[in-house]
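# A look at the structure
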Amino acid sequence: MIEVKELSKRYGGTSAVDGLSFSVGPGRVTGFLGPNGAGKTTTMRVLLGLDAPTSGEALVDGLRYARIRRPMLRVGALLDAGALHGGRSAFDHLLCLARTNGIGARRVAEVLEQVGLAGVARKRAGGFSLGMKQRLGIAAALLGDPGVLLFDEPVNGLDPDGVRWIRELMRSLAAEGRTVLLSSHLMSEMELTADRLVVIGRGRLICDTTVRDLAARFDRGVLVRSPRAAELAEVLTGAGAAVAPDPSGGLAVTGVDVSVIGDLAARHALPIHEATPRSASLEEAYMELTAGSVEHRAHGSAR
Amino acid sequence: MTSVGGVSEGARTVTGVLGAEWVKVRSVRSFSYVLAGAAMSALLMAALAWYSASLYDGLPDGQRAGLSVTSLVSVIGLPLQICFGVFGVLVVTSEYATGTIRSSLVAVPRRWPVLAAKAAVVAAVSLAAGLAAATATFFSTRAIAGERPMGFNEVPLSEGVPELFAAAAAVAAVALAGAGLGAVSRSTAGSVIGVVVLVYVLPIVALNLPEPWSERVSAVLLPGLVGQVSGVLSGTLSHALLSPPQALAVLALYAAVPLGAAALALRCRDA
Ligand SMILES: Nc1ncnc2c1ncn2[C@@H]1O[C@H](COP(=O)(O)OP(=O)(O)OP(=O)(O)O)[C@@H](O)[C@H]1O
Ligand SMILES: [Mg+2]
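Residues numbered from 1 in each chain as written. Chains lettered and ligands numbered in written order. Predicted model: local features only at pLDDT ≥ 70, side-chain atom pairs only at ≥ 80, totals over all residues. Heavy atoms only, no water.

An unreviewed UniProt entry lists chain B under the name ABC-2 family transporter, with Actinorugispora endophytica given as the organism.

The name an unreviewed UniProt entry assigns to chain A is ABC-2 type transport system ATP-binding protein, from the organism Actinorugispora endophytica. In the Sequence similarities (unreviewed entry) part of its UniProt record, chain A is described as follows: "Belongs to the ABC transporter superfamily." (UniProt positions renumbered as here; feature names shortened; annotations may be inferred.)

Below, the structure is given as structure tokens:
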């Protein structure tokens, strides 16, 4: 369980996070989205006790991170997979971390096995590819078998296989009842991985929703073409739909599902030449949301 | 969760963090380079003793009495202090340069145990290696000098042994100062410059001050302190201004002040 309450963080003059509140529950993957500089990394750094908040607080399982003893048993984090001493072996890199929390060498070998690095455990990490470094970073997060996991852009720079591996890992970790917070700028990736979405822009919350609700919110209705458009429009309006002529020539129908439209047309023996559900892609939805945040800010209101 | 099997959680953390810092030190190449540097310094001292001996042998009988070579244990102090000062710096700044400091502090969010463990490992390694190199120098240079009376090998063992410990203590103090400077500045270059200033530049500057300031300042700088701790003065001081315990206390400040500043910086600053 992660709770961010009225969190603000300023670096000198720049406000990185500004009155941000949200919470992340167990058992599902929560995507943490926002454009560059939105404050995702900053929020995670405050959650992990690396940066002190200017005001507000960020709690893990109801505790301030710095108060947790042997925190790796409770929280695992991947912030920057490149943060390695290039001369140290993968095994030693993990062993350094494990020792501090009383985790044994056997567990180090286990997580290396789990992320597929057992074969290169004794190799210098400096020679690792980007994907191998990401895997090593994930291994470090998993060391203490924690119930809460934070990953900052784990798929950055990975090939499709690596992306799929991470996606499946995240989902399985959440399915085991863990709290998983995953940051990204890519809605297309989150769409496949996350159940919930926390979207921020310029340090403020834009929306906290489920992937399904967001898709519904950006539903643009169904484009319907029929040679007997006027009769069809009458039938659909009678069934409670809103019908408008579409600039492309057909009817833009909202308020009823495409299956309902098909059934109604069949019942009234009206031919249909096209029926295309048009939801904005989540990527478009996201662009619209984050662009909106800038506008709202200009008018001086959050959300 | 205050005690596990009779061992307090705090003690477990301390031993765990110490173990982790030791793994960090021994698992990188720079550690071997530093140890090699110490070994080379000891070899260099043996070479100097050999050179002095051949010089002595080449002199006519009448001039031999005039050849007095300064204690090579005090000479090796300079390269050892630089070697282990840089070692102390790297133990801290390499974590900032690579970014691993973040995972270290995420693993130990109280932070001070990380600094304390680093200091303990740096102190233990530099004390042991400093003592080993100084002892090797002491015995090898005496063996090489043999029966030739050349000053440094005429000191009785009872005076030589405190000098070894004083030399090792100074090496450890500089190493800890390096670690402290590293944590405050987070910069390798800056901290190494700091170490060189402390070890090398300040003593030279002090020598050029007008009396009585030259003596007074030299007494609290590293070469003077080593001599006053052991009671075997060489080079910069003609007589001791501090008793051995006083000198040892000032030497301890060389480690304590930067480490104290480091603890404060680590506690208050964002990582
Ligand atoms: N240590 C720092 N000092 C000064 N400014 C900072 C610092 N860290 C972050 N910032 C600023 O705070 C803002 C938020 O940065 P943050 O890294 O949290 O964004 P982000 O959402 O992670 O972006 P990205 O997607 O690019 O990683 C940015 O404007 C950044 O310039
Ligand atoms: Mg970021």
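### What to know about the overall build of chain A
Looking only at helices and strands, one finds ten helices and 14 strands in chain A. When the backbone C-alpha atoms are referred to their principal axes, chain A occupies close to 75 × 45 × 30 Å. When each of the 303 residues of chain A is scored for burial, the buried share is 49%. Across chain A, the fraction of contacts at a sequence separation of at least 24, relative to all contacts at a separation of at least 6, is 69%. A total accessible area of about 13400 Å² is found for chain A, and carbon and sulfur atoms account for 50% of it. (Helix = DSSP H or I, 4+ residues; strand = E, 2+ residues; numbered from the N terminus. Buried < 20%, exposed > 50% of the residue type's maximum accessible area, 1.4 Å probe, protein only. Contact = heavy atoms within 4.5 Å. Areas by Shrake-Rupley, 256 points an atom, 1.4 Å probe, with all protein chains shown as cover.)

### Some thoughts on the interface of chain B and chain A
Taken together, the contact pairs 28 residues of chain B with 30 residues of chain A. Here chain B packs against chain A, burying approximately 2500 Å² in sum over the two surfaces, 57% of which is carbon and sulfur. Contact with chain A buries surface across chain B, with Val106(B), Pro109(B) and Asp270(B) losing the most and accounting together for 20% of the total. Where chain B packs against chain A, one counts two salt bridges. Notably, a salt bridge pairs Asp270(B) with Lys9(A), separated by 2.8 Å at the nearest N-O pair. (Buried area = accessible area lost by both parts, 1.4 Å probe. Salt bridge = Lys/Arg side-chain N within 4 Å of Asp/Glu carboxyl O.)

### Description of the sheet that holds strand β1 (residues 2–11) of chain A
Residues and elements named next belong to chain A. Taking strand neighbours across the sheet as the criterion, the four strands line up as β2-β1-β4-β5 in an open arrangement whose pairing is antiparallel. In this open sheet, the two strands that pair with only one neighbour each are β2 (14–24) and β5 (63–64). Where β1 meets β2, seven bridges bridge the pair, whose relative direction is antiparallel. Its bridge partner being in β2, Glu3 is matched across the sheet by Ser23. (Pairing = 2+ DSSP bridges.)

### Describing the domain arrangement of chain A
If you check the domain split of chain A, you get domain 1 (2–209) and domain 2 (219–279). Relative to domain 2 of chain A, the C-alpha centre of domain 1 of chain A lies at a distance of 46 Å. (Domains from an automatic or database assignment.)

### Some thoughts on the pairing of strand β9 (residues 196–201) of chain A
Along any regular strand, the residues point their side chains to alternate faces of the sheet. Residues and elements named next belong to chain A. With six of six residues buried, β9 is to be regarded as a mostly interior element. The alternating pattern of β9 places Arg196, Val198 and Ile200 on one face and Leu197, Val199 and Gly201 on the opposite face, and all of these are buried. The pairing of strand β3 (residues 29–33) with β9 spans four bridges and is parallel. Paired with Phe32 across the bridge in β9 is Val198. Relative to strand β10 (residues 204–210), β9 runs antiparallel, the two sharing six bridges. Bridge pairing links Leu197 to Thr209 in β10.

### Description of the nonpolar core
The nonpolar side chains of soluble globular proteins are, as a tendency, buried together. If you look at the biggest cluster of nonpolar residues, it comprises 130 residues, and the most contacted ones within it are Phe151(A) and Phe84(B). When residues of this core are assigned to their parent elements, the largest contribution, ten residues, is made by helix α6 (residues 112–145) of chain B. With residues up to four places along the chain from it excluded, the contact list for Phe84(B) reads Val34(B), Leu35(B), Ala38(B), Val125(B), Ser126(B), Ala129(B), Val171(B) and Ala175(B). In this structure, Val89(B), Ala170(B), Val174(B) and Val195(B) belong to the second largest nonpolar core, which totals 20 residues. (Core = buried A, V, L, I, M, F, W, Y, C linked by side-chain atoms within 4.5 Å.)

### Structural notes on the UniProt feature "transmembrane region" (unreviewed entry) in chain B
Sites flagged by UniProt as "transmembrane region" (unreviewed entry) map to residues 31–53, 65–92, 112–139, 160–183, 189–207 and 247–266 of chain B. A distance of 49 Å separates the end C-alpha atoms of residues 65–92 of chain B, which is 75% helix and 0% strand.

### As for the site of ligand 1
All names here are of chain A. Lining the immediate environment of ligand 1, one finds 13 residues, of which Asn36, Lys40, Thr41, Thr42 and His185 sit closest. Asn36 is positioned with one of its side-chain polar atoms (N or O) 2.7 Å from an oxygen atom of ligand 1. Contact distances for ligand 1 include 3.3 Å between an oxygen atom and a side-chain N or O atom of Glu153. A total of three residues in the shell around ligand 1 trace back to one element, the largest contributor, which is helix α1 (residues 40–47). (Near = heavy atom within 4 Å. Polar contact = N/O pair within 3.5 Å; in protein donor to acceptor, adjacent residues only side chain to side chain.)

### Considerations on the packing of helix α4 (residues 130–142) of chain A against helix α5 (residues 160–175) of chain A
Residues and elements named next belong to chain A. The geometry of α4 relative to α5 is characterised by a closest axis approach of 12 Å and an angle of 10 degrees between their N-to-C directions. Between α4 and α5, the angle is such that the two are roughly parallel. Where α4 abuts α5, its residues Arg135, Ile138 and Leu142 lie against Trp165, Ile166, Leu169 and Leu173. Taken together, the residues of the contact of α4 with α5 break down into six nonpolar, no polar and one charged. (Axes fitted to C-alpha atoms, helices over the stretch in contact; angles between N-to-C directions. Parallel < 35°, antiparallel > 145°, perpendicular 65-115°, else oblique. Nonpolar A, V, L, I, M, F, W, Y, C, P; charged D, E, K, R; others polar.)

### Let's talk about the UniProt feature "domain: ABC transporter" (unreviewed entry) in chain A
Feature annotation in UniProt places "domain: ABC transporter" (unreviewed entry) on residues 2–227 of chain A, given in this structure's numbering. In the segment residues 2–227 of chain A, helix accounts for 32% and strand for 31%; the C-alpha atoms at its two ends are 55 Å apart.

### Brief notes about the packing of aromatic side chains
A full pass over the atoms with the stated rule returns five aromatic pairs over all chains. Ring plane angle 80 degrees and centroid distance 6.1 Å describe the contact between Phe84(B) and Phe87(B), whose orientation is recorded as edge-to-face. Highlighted residues: Phe84(B) and Phe87(B), both in helix α4 (residues 72–98), separated by three residues, approximately one helical turn. Both rings, one in Phe138(B) and one in Phe139(B), keep their centres 5.1 Å apart while their planes meet at 90 degrees; by these two values the pair is edge-to-face. Through successive ring pairs, a cluster of aromatic residues spans Trp22(B), Phe31(B), Phe84(B) and Phe87(B). The ring of Phe91(A) has Arg122(A) sitting right over it, with the charged end atom 4.1 Å from the ring centre. (Phe/Tyr/Trp six-rings, centres within 6.5 Å; stacked < 30°, edge-to-face > 60°. Lys NZ or Arg CZ within 6 Å of the ring centre and 35° of its normal.)

### Focus: a nonpolar patch on the surface
On the surface, Leu78(B), Ile193(B), Val197(B), Tyr200(B), Val201(B), Leu202(B), Ile204(B), Val205(B), Leu209(B) and Trp213(B) cluster together into a nonpolar patch covering about 820 Å² of accessible area. For Val205(B), a relative accessible area of 44% translates into the label partly exposed. (Patch = residues over 30% accessible without salt bridge, like charges linked within 9 Å, V, L, I, M, F, W, Y side chains within 5 Å.)

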